[in-house]
Amino acid sequence: MTVHEPSFVGVEESWDPCSLDMERRYRLGSEVASLSRSNSSEKSDTLDNLNFSFRLTRSLFFSMYPDRDNPWRMLAVSPTDSFSMNVTDFRDNALLKLQVAGPFAGGLLDLDTQEYILVQVEQTEQPGQRRRRAQLNNFYSARTDQMQLTKTFEMLSSDPIAITIQAFLQDNEVVPLSMTHQSLYVTMETQVAIAGVILAGVYVLIIFEIVHRTLAAMLGSLAALAALAIIGDRPSLVTVVEWIDYETLALLFGMMVLVAIFSETGFFDYCAVKAYQLSRGRVWPMIIILCLIAAILSAFLDNVTTMMLFTPVTIRLCEVLNLDPRHVLIAEVIFTNIGGAATAVGDPPNVIIVSNQGLRREGLDFASFTGFMFLGMCLILLTSFPFLRLLYWNKKLYNKESIEIVELKHEILVWRQTAQRINPASREETAVKCLLMQKVLNLENLLRKMMKTFQRQISQEDKNWEQNIQELQKKHRITDRVLLVKCASVLGVVIFMFFLNSFLPSIHLDLGWIAILGALWLLVLADVQDFEIILHRVEWATLLFFAGLFVLMEALAQLQLIDYIGEQTALLIKAVPEDQRLAVAIILVLWVSALASSLIDNIPFTATMIPVLINLSQDSDVNLPVKPLIFALAMGACLGGNGTLIGASANVVCAGIAEQHGYGFSFMEFFKLGFPMMVMTCMIATCYLLATHIGLGWNV
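Fair warning: this is a prediction, and the values are worked out from it, not measured in the lab.

1. Section: the overall build of the protein
So, point 1. When helices and strands are tallied, the protein shows 25 helices and 12 strands.
So, point 2. In the protein, which comprises 700 residues, the share counted as buried stands at 53%.
So, point 3. Excluding contacts between residues fewer than 6 apart, the proportion of contacts in the protein whose partners are at least 24 apart in sequence is 83%.
So, point 4. Summed over its atoms, the accessible surface of the protein is roughly 31,400 Å², and 58% of this surface lies on carbon and sulfur atoms.

The following block contains the structure:
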């Protein structure tokens with residue numbers, strides 16, 4: 001989608017469209033991705049009152065403004081018939097948001113050789129004075145699907161506005177269009193500032209664990225919707241629901257059900273013992289093996305799917321070895337994000353890039369993109385393992401307590417969570433909850449006695465690992481082989497369909513549908529009688545968190561935050577001298593993409609930056625090749641997910657599963673390891689891009 005930046009050009013009555021120099025803007029919807037986990041903490045009464053007052057204030061702001069009522073108007077234009085209308089209900093210092101939908105094609109407009117549609121907005125300040133005009137135009141193509149273009153015009157007075165639509169075509173054909181307009185009462189700079197404050201507020205809630213991350217995303221969504229209501233662009237409930245990416249939620253739900261049934265077979269315990277045997281009792285070889293396998297799988301599977309399969313295995317393995325699972329899980333999810341960037345199907349930003357028709361016309365296809373990214377990610381992986389070992393140099397991976405005490409603490413936590421999840425709606429449920437709480441008290445008393453007699457010792461790597469293997473194999477084995485065969489068959493078909501979906505466009509099943517159908521198929525084969533047990537294993541808080549995140553990201557996009565980042569990046573590139581412009585552009589795009597993707601969803605950011613970079617490369621005054629910029633965007637968007645816990649969807653899913661098992665990690669725990677890894681990997685990616693594009697002249 002191509003959208004031009006709002007600007008008002010003061011001209012005389014005679015106006016030449018070719019002389020306008022207008023900045024381009026772009027916007028696209030949002031999708032997934034990625035978020036964080038916060039441990040529950042005690043809040044004071046004062047803080048609770050402040051939170052309540054804050055939420056109440058936002059609710060009042062949201063309820064004071066009605067939903068926007070801007071119905072679409074159907075019209076038709078041709079080379080001989082144009083369309084015009086006057087807008088009179090306009091207030092001082094307002095913005096006019098204009099949306100036009102029709103058979104448009106993206107790209108840089110050549111007014112001399114190509115067919116196009118011209119939308120002109122004109123305002124006369126006073127009778128007899130000069131008029132102000134601005135335009136929104138794009139290619140016309142009868143062979144493309146419907147595309148919606150959006151542009152916001154700044155009006156400097158309350159005088160009437162004239163909107164004119166003209167068709168400049170070679171043939172005398174009629175073009176059907178639809179159009180709607182709306183008045184906004186806040187300037188673009190103010191909208192961006194409001195969006196920045198809201199995003200910063202959400203991060204404060206998550207970083208300092210003031211509320212749970214799910215509640216933080218929901219509060220941020222409400223604040224963003226309230227801001228849209230204040231500026232006059234409050235969306236309806238139907239529109240807000242459409243912002244949620246149900247394909248991602250369906251993928252998460254289906255895989256959660258599959259993993260929940262799979263865990264009943266004892267397969268994860270068996271894999272943990274095999275990994276321990278393969279590493280011969282040594283911790284770091286085992287961690288490297290797990291990270292390497294996770295990176296390889298995520299290059300071909302979705303990152304979320306990889307972590308949903310690996311997290312239970314890792315947790316069980318760490319429990320067997322008396323390791324702290326948090327550090328191992330963080331390392332795995334970091335390498336999952338790195339591996340996902342290696343291919344065109346491993347990460348959603350890469351999928352968006354290779355699916356773009358404009359980039360395909362520039363010669364960027366699946367094979368060339370995967371070849372270049374795969375080579376770069378291999379280099380990054382080779383340097384990441386030593387750096388990971390350096391980051392973990394002073395960290396105690398082993399628990400500082402005996403395995404008996406660690407298991408007892410974990411058992412207490414599990415029993416307490418089980419008791420808290422029981423809703424005492426009947427006498428029997430109340431009695432069961434009381435029995436569970438009594439069991440928790442008895443275990444806590446036993447724990448206190450064990451702690452009094454325990455001499456704290458730090459565990460060392462097992463010397464008699466062969467003897468331990470024999471004991472572990474007797475204790476942790478496959479418990480239900482029939483169910484294991486059913487689960488392995490269904491999961492194998494699901495993963496195979498994931499591959500086919502990536503390479504065969506003729507299969508009209510999205511990832512969400514494949515996961516849901518696989519879950520239903522396994523539920524039937526496994527003959528699950530108590531369905532509520534499976535539903536209790538689903539991470540509902542994580543699903544709600546993603547839903548709130550989708551609404552938040554789309555609302556921030558409506559507040560022009562993502563467009564503003566893209567515009568400022570383009571302006572900085574244009575300001576650089578021509579002999580240094582390509583090198584500076586590569587560095588700027590890579591690091592801006594990495595930092596932005598660690599804070600906001602990388603999917604709408606990638607979709608917004610692609611047309612920015614395409615038009616920037618086609619600008620004769622800039623004279624930059626598009627491929628180096630796109631590779632810098634892909635590496636930055638994928639590697640930036642390691643910067644924060646909410647930077648990638650896989651991070652959030654891993655944190656949610658770990659929390660369900662009693663090993664949740666906070667935003668800061670992930671940040672201390674993930675952000676240095678992001679900086680190091682982006683530095684290696686910068687060197688790789690500069691060496692290949694500037695030094696060797698690839699893709700230039």
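2. A closer look at a nonpolar patch on the surface
So, point 1. A cluster of nonpolar residues, L237, V241 and Y246, forms a patch on the protein surface that exposes about 310 Å² of accessible area.
So, point 2. Mapped onto the secondary structure, V241 falls in helix α4 (residues 237–243).

3. Points about the nonpolar core
So, point 1. Membership of the largest hydrophobic core comes to 171 residues, with the highest contact counts inside it found for M255, M308, F369, M377, L556, M635 and F665.
So, point 2. Non-local contacts of M635, meaning those with residues more than four positions away in its chain, are made with F372, M373, G376, M377, L590, G640, A685, Y688 and L689.
So, point 3. Among the nonpolar cores identified, the runner-up in size contains 24 residues, and F83, M85, L98 and L149 belong to it.

4. Quick notes on the pairing of strand β6 (residues 95–102)
Across a regular strand the side chains alternate sides, sitting on one face of the sheet and then on the other.
So, point 1. Extensive coverage of β6 is indicated by the burial of 8 of its 8 residues.
So, point 2. Along β6, one buried face is formed by L95, K97, Q99 and A101 and the opposite face, lined by L96, L98, V100 and G102, is buried too.
So, point 3. With 8 bridges connecting them, β6 and strand β10 (residues 147–154) associate as antiparallel partners. Directly across from L98, in β10, lies its bridge partner K151.
So, point 4. Bridge count between β6 and strand β12 (residues 175–184): 7 bridges; the pairing is antiparallel. Note that in β12 the partner of L95 across the bridge is L184.

5. Description of helix α25 (residues 667–695)
So, point 1. Taking 1.5 Å of rise per residue, 29 residues should cover 42 Å, and α25 covers 39 Å from first to last C-alpha, within 8% of that figure.
So, point 2. Approximately 30 degrees is the largest bend angle found in α25, and it occurs at L673, with the proline P676 only one to four residues beyond.
So, point 3. Among the residues trailing α25, G697 stands out with phi positive, at a value near 75 degrees.

6. Section: a negative patch on the surface
So, point 1. Together, E428, E429, D530 and E532 give the surface a local cluster of negative charge.
So, point 2. Inspection of the secondary structure assignment puts E428 in helix α14 (residues 427–453).

7. Let's talk about helix α24 (residues 649–660)
So, point 1. In a regular helix each residue adds 1.5 Å, so 12 residues correspond to 16 Å; α24 covers 17 Å between its end C-alpha atoms and thus fits that length.
So, point 2. Burial analysis of α24 places 11 of its 12 residues in the buried class, the great majority of the element.
So, point 3. What α24 keeps buried is the set S649, A650, N651, V652, V653, C654, A655, G656, I657, A658 and Q660.
So, point 4. Downstream of α24 by a residue or two, G662 has a phi angle that is positive, lying close to 90 degrees.

8. As for unusual backbone geometry
So, point 1. Notably, D527 is not glycine yet its phi reads approximately 55 degrees, a positive angle.
So, point 2. Looking at the secondary structure, you find D527 in the loop between α17 (511–526) and α18 (531–536).
So, point 3. Judged by its relative accessible area of 53%, D527 falls in the exposed class.
So, point 4. Here the phi dihedral of Q560 falls at roughly 75 degrees; this positive angle occurs in a residue that is not glycine.
So, point 5. Within the fold, Q560 resides in the loop between α19 (540–558) and α20 (561–574).

9. Observations concerning the pattern of salt bridges
So, point 1. In the structure shown here, the tally under the stated rule is 5 salt bridges.
So, point 2. Of the charged contacts in the structure, one is a salt bridge between R326 and D324, with a shortest N-O distance of 2.9 Å.
So, point 3. Assessed through its relative accessible area of 14%, D324 is described here as buried.
So, point 4. With a shortest N-O distance of 2.2 Å, E444 and R416 are connected by a salt bridge.

10. A closer look at the packing of helix α2 (residues 188–207) against α19
So, point 1. The contact between α2 and α19 brings their axes to 9 Å, and the two run at 155 degrees. As summarised for this structure, α2 and α19 are arranged roughly antiparallel, according to the angle between their axes. Residues Q191, A195, I198, L199 and V202 of α2 form the contact with α19, whose own contacting residues are L552, M553, L556 and Q558.
So, point 2. Considering only residue class, the contact of α2 with α19 consists of 7 nonpolar, 2 polar and no charged.

11. Some points on the environment of A547
So, point 1. With respect to the element layout, A547 can be found in helix α19.
So, point 2. The spatial distance from the C-alpha of A547 to the C-alpha of I244 is 5.7 Å, given a sequence separation of 303 residues.
So, point 3. Those residues in contact with A547 that sit more than four places away from it in its chain are I244 and L249.

12. Comments concerning the packing of aromatic side chains
So, point 1. One pass over the full model with this rule turns up 15 aromatic pairs.
So, point 2. Both rings, one in F335 and one in F385, keep their centres 4.6 Å apart while their planes meet at 20 degrees; by these two values the pair is stacked. Of the two residues, F335 is situated in helix α9 (residues 325–340) and F385 in helix α12 (residues 366–391); the sequence distance between them amounts to 50 residues. The residues F335 and F385 share a single accessibility class, namely buried.
So, point 3. A ring pair is formed by F369 and F631, whose centres lie 5.7 Å apart and whose planes are at 20 degrees; its orientation type is stacked.

13. Focus: the packing of helix α7 (residues 283–298) against α12
So, point 1. Relative orientation of the contacting elements α7 and α12 amounts to 145 degrees, with a least axis distance of 12 Å. Between α7 and α12 lies a crossing whose hand is right-handed. Seen from α7, the contacting residues are W284, I288, C291, L292 and A295; seen from α12, they are L381, F385, L388 and R389.
So, point 2. Partitioned by chemical class, the residues of the contact of α7 with α12 number 8 nonpolar, no polar and 1 charged.

14. Some words on the sheet that holds β10
Two strands in a sheet stick together by hydrogen bonds in their backbones, pointing the same way (parallel) or opposite ways (antiparallel).
So, point 1. Pairing is antiparallel in the open sheet, where 4 strands are placed in the order β4-β12-β6-β10. Whereas interior strands pair on both sides, the edge strands pair on one side only; in this sheet they are β4 (73–77) and β10. Each strand of the sheet is rotated relative to its neighbour by a mean of 30 degrees, with strand direction disregarded.

15. Comments concerning the confidence of the model for the protein
Interpreting fine coordinate detail is not advised for predicted regions of low pLDDT.
So, point 1. Looking at the protein as a whole, the pLDDT averages 79, with 80% of positions reaching at least 70.
So, point 2. Confidence over residues 1–50 falls short of pLDDT 50; this stretch has 166 contacts with residues more than four positions distant or in other chains.
So, point 3. A low-confidence stretch, residues 137–143 (pLDDT under 50), is modelled with 35 contacts involving residues beyond four sequence positions or located in other chains.

16. Examining the environment of L484
So, point 1. In this structure, L484 sits in helix α16 (residues 481–503).
So, point 2. According to the relative accessible area criterion, L484 is buried, its value standing at 16%.
So, point 3. Taking the C-alpha atoms as reference points, L484 and I261, 223 residues apart in sequence, are found 9.3 Å from one another.
So, point 4. Not counting the four nearest positions on each side in its chain, L484 is found in contact with F262, T265, F267 and I478.

Criteria and cut-off values
- Residues numbered from 1 in each chain as written.
- Predicted model: local features only at pLDDT ≥ 70, side-chain atom pairs only at ≥ 80, totals over all residues.
- Heavy atoms only, no water.
- Helix = DSSP H or I, 4+ residues; strand = E, 2+ residues; numbered from the N terminus.
- Buried < 20%, exposed > 50% of the residue type's maximum accessible area, 1.4 Å probe, protein only.
- Contact = heavy atoms within 4.5 Å.
- Areas by Shrake-Rupley, 256 points an atom, 1.4 Å probe, with all protein chains shown as cover.
- Patch = residues over 30% accessible without salt bridge, like charges linked within 9 Å, V, L, I, M, F, W, Y side chains within 5 Å.
- Salt bridge = Lys/Arg side-chain N within 4 Å of Asp/Glu carboxyl O.
- Core = buried A, V, L, I, M, F, W, Y, C linked by side-chain atoms within 4.5 Å.
- Pairing = 2+ DSSP bridges.
- Expected span 1.5 Å × (residues − 1).
- Bend = angle between axes of the 7 residues up to and from the residue.
- Lys, Arg positive; Asp, Glu negative; His and termini not counted.
- Charge placed at Lys NZ, Arg CZ, Asp CG, Glu CD.
- Axes fitted to C-alpha atoms, helices over the stretch in contact; angles between N-to-C directions.
- Parallel < 35°, antiparallel > 145°, perpendicular 65-115°, else oblique.
- Nonpolar A, V, L, I, M, F, W, Y, C, P; charged D, E, K, R; others polar.
- Phe/Tyr/Trp six-rings, centres within 6.5 Å; stacked < 30°, edge-to-face > 60°.
- Left-handed = near helix turned anticlockwise from the far one by under 90°.
- pLDDT = per-residue confidence, 0-100.

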